[in-house]
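Commentary on secondary and tertiary structure
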Amino acid sequence: MEDAAPAVHVSPSPHIGSTSNSTRRMMIDVLIALTPAVAMAIYMFRVYALIHLGLCVATCLAAEYLFVRMRGKSISLNDFSAAVTGVILALSMPATAPWYASVIASAVAIGLGKIIFGGLGMNIFNPAMVGRAFVMISFAGAMGAAAYESGAGWVDAISQATPMNALKQSGTWTPIGDMFLGFTNGSLGETSALACLLGGLYLCYRRTASWEIPAGMIATVLVIAGIVDLVGGHGGRLILHHLFGGALLFGAFFIATDPVSSPLTPRGKAIFGIGIGALVMLLRFLSGYPEGVMFAVLLMNAVTPLINRWTIPRTFGEF
Amino acid sequence: MAETEKDPAEKKNRFQNNYILQAWLCISLALIFGISLAAVQAALGPVIIENKLNETKEKVPELLLGSETAQKMAADNKAFKITPRSIAVEKNGIKKFYSVFEARFEDGRLGGWVTKVDGQGYADKIELLIGLDPAIESITGLFILDQKETPGLGNKIIETKWRGQFAGKSTGDHLKVVKSGAKVANEIDAVTGATISSDSVVTIINKTITDLRQPLKDAGRMKKE
Amino acid sequence: MADQPTPLERFIRGILPENPVYRQLLGLCPTLAVTNSMKAAITMAAAVAFVLVCANTVTSLIRNLLKPHLRIVVFTLTIATFVTIADRLLAAYMYQMSKTLGPYIPLIIVNCLIICRCEVCASKQPVFTAISDAAGQSLGYGLALASVAGVREILGTGMFFGFRVLPATWPDWAVMVLPPGAFITLGLLLGAVNWYSGRGAK
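Overview of the structure. The structure presented is a predicted model; accordingly, all values stated were derived computationally and were not measured.

1. With respect to the pairing of strand E1 (residues 81-91) of chain B
Residues and elements named next belong to chain B. As paired elements, E1 and strand E2 (residues 94-104) share 11 bridges and run antiparallel to each other. When the bridges of E2 are listed, Ile87 appears paired with Tyr98. Between E1 and E2, which follow one another and run antiparallel, lie two residues, and Asn92 among them has a positive phi close to 50°.

As structure tokens, this is what we get:
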């Protein structure tokens, strides 16, 4: 029936042709921006990083292929979105996480995080974080704070406590320089603040990521940590720990900025960032977990439709 | 027309609209069901109460003597004589009742006390049995009756290895949870990754012992005299 | 009323074509709450079956005496009585299980599956029809609970009915035993059943 009437599809104006902001272009940008963090992860965690990166990317691509075929849609592997999900997921795993955690997390990220909602652009939650939350809750023993310090390998960093956990559990401060450059333990991609900043600034410069989200997040964390720092008299160490020590920068630039699950308007994006920042600090200070970026992002993803509704731009003259 | 006179149709109507008459089925059903429920309760009530007591009673020998001695005792066909008691503790003007089980050997010697307490855990209420020696000087054992803590982390409190730490601890000091490598006598190793669940159990135990130490000592002495 | 289904048809309908959980989306509260182990799910299904069959029988017996505007009161009264009996029986003879199921046994009173069957079937049909309808629906409900519980117990603990079916090295997917696992499993199974029956229709 469809081919009986040849249809010419003309979308409403404006008709500006541009290939620079296609999904594929954006995803390649994200991959480029992730290079410093990936390089740092491989340098710090060696074979562990390679294993997780390989497993996550391969499983994400395979899952995307499989699930998209099941839905009878055309294969969408070449927009690189599944690969990006895989890399981000791998970088958010602890180095000593078991192999099956990476595989399950990737399959869940693509299947439950994305395809089940209707594919790229329809998902409510950040797919990588859905996958990570699933394995984090499932294998709490192998993925939780204690897992980071299992000391199972010949890579020195793995036997240390993560900066956030060391601070929370025993009040030990990690040298600021190490945290900034990334010579500490942590999830694969989060250790180096410098690598995250480099990649993140590139993304913001390319307009692939909206600057409002990381700005709102980091500013909120600075303010809350600053107040706690002042009250506790830590002389700025606490602020720097919260800024460089955990997954904050990685989350701010690469996870929270996912264009699908974050709000549309600049004002909405700022609110979104502030919300994540506040939740991160709440979780870090008051919950049983040393880190809270993952849950904060997922929680704010859930209120994104509400933020969109609040910040809908008014047509001039209408009230 | 006089007011007292009504035409038959209206009379019938009023009869039909009478609430009580309309509800005759509900009322009689309620009556029948009520009586049958009372019968069920009368028949099953004692069994249920027995179940509740047995749940604790079964654990008493192991809690007081440790599993090896308890097994030996069962093999020798000996058993404790267990008397359930309710001990009232008044604190800040509020009376609280503890359910305590007094266990005596067959020769009448006091074997120890087991108390059933509950308190808030990480996810839900945790229900514990705490075994205490006759003089209330040390804890003889701990058993988790009911808990809904996180699988894989918090629910490890039910494992014998973790519970075993409590046996032999003195009731004189408050117990304290430490991350790992408990050294001092009153320290308890936390379950890895489940500090809150571990803390909850220890808090319940500390509170119970503080409340019950004196009353139980008194109760034990009274019986002796 | 020529095309009234026979009692046997009603029984079969309850199992899949009109499955309470997968087709009517009724009684989802216990489906989500008590399906983290097969034992709990089967006990729950048995309790629901007991209440449903008894309530349907009583309702069907008194169907000619019902006043339309008081029928819901009578249904609730009947259901509540049998739920209380089921609850007491469990506490007396399966004490541990009754503790595990906790408030979910008393909550059968508000399980819409039962009042639905009383309303649409038992209050209009003779006793035998009502009983076979109740039996079919209960069986369908039990199968639905068991399917969710089976997936959750195997993935979450590597066991089935408390027996180890997966190797001991199986990493337990704790999330499947926790509440989110119930939602995920039920959602996926619902999708699968819809997909399967949709395919059959074509």
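2. Quick look at a nonpolar patch on the surface
Residues and elements named next belong to chain A. A surface patch of nonpolar side chains, amounting to about 460 Å² of accessible area, comprises Tyr43, Leu181, Phe183, Leu194 and Leu198. Inspection of the secondary structure assignment puts Tyr43 in helix H1 (residues 23-45). On the accessibility criterion, Tyr43 (48% relative accessible area) is partly exposed.

3. Here's the deal with the interface of chain B and chain C
Facing 21 residues of chain B, the contacting portion of chain C comprises 25 residues. With both sides pooled, the region where chain B packs onto chain C buries about 2,100 Å², and carbon together with sulfur makes up 74% of that total. Counting the contacts that link chain B with chain C gives one salt bridge. Across the salt bridge formed by Glu127 of chain B and Lys99 of chain C, the nearest N and O atoms sit 2.8 Å from each other.

4. Some thoughts on the pattern of salt bridges
All names here are of chain B. Evaluated as defined, the whole model comprises 13 salt bridges over all chains. With a closest N to O distance of 3.1 Å, Glu102 and Arg104 form a salt bridge. A residue is classified by how much of its surface remains accessible, and Glu102, at 1% relative accessible area, is buried. Take Arg104: its relative accessible area is 16%, and that puts it in the buried class. Between Asp118 and Lys125 there is a salt bridge whose closest N-O contact spans 3.8 Å. Overall, the relative accessible area of 38% leaves Asp118 in the partly exposed class. On the basis of relative accessible area, Lys125 is assigned to the partly exposed category, the value being 48%.

5. Description of the interface of chain A and chain C
At the interface, eight residues of chain A touch nine residues of chain C. Taken over both partners, the interface formed by chain A and chain C buries close to 730 Å², and the fraction arising from carbon and sulfur atoms is 84%. The largest per-residue losses of area from chain A upon contact with chain C belong to Phe134, Ile137 and Ser138 of chain A, which jointly make up 52% of the total buried on that side. Joining chain A to chain C, the criterion identifies zero salt bridges. Secondary structure elements with two or more residues in the side of chain A that touches chain C: helix H4 (99-111) and helix H5 (127-138) of chain A. In terms of residues, the side of chain A that touches chain C owes the most to one element, H5 of chain A, which gives three residues. Residue classes in the side of chain A that touches chain C are distributed as seven nonpolar, one polar and no charged.

About the thresholds
Residues numbered from 1 in each chain as written. Chains lettered and ligands numbered in written order. Predicted model: local features only at pLDDT ≥ 70, side-chain atom pairs only at ≥ 80, totals over all residues. Heavy atoms only, no water. Pairing = 2+ DSSP bridges. Helix = DSSP H or I, 4+ residues; strand = E, 2+ residues; numbered from the N terminus. Patch = residues over 30% accessible without salt bridge, like charges linked within 9 Å, V, L, I, M, F, W, Y side chains within 5 Å. Areas by Shrake-Rupley, 256 points an atom, 1.4 Å probe, with all protein chains shown as cover. Salt bridge = Lys/Arg side-chain N within 4 Å of Asp/Glu carboxyl O. Buried < 20%, exposed > 50% of the residue type's maximum accessible area, 1.4 Å probe, protein only. Contact = heavy atoms within 4.5 Å. Buried area = accessible area lost by both parts, 1.4 Å probe. Nonpolar A, V, L, I, M, F, W, Y, C, P; charged D, E, K, R; others polar.

Read these as spatial facts, not as claims about activity.
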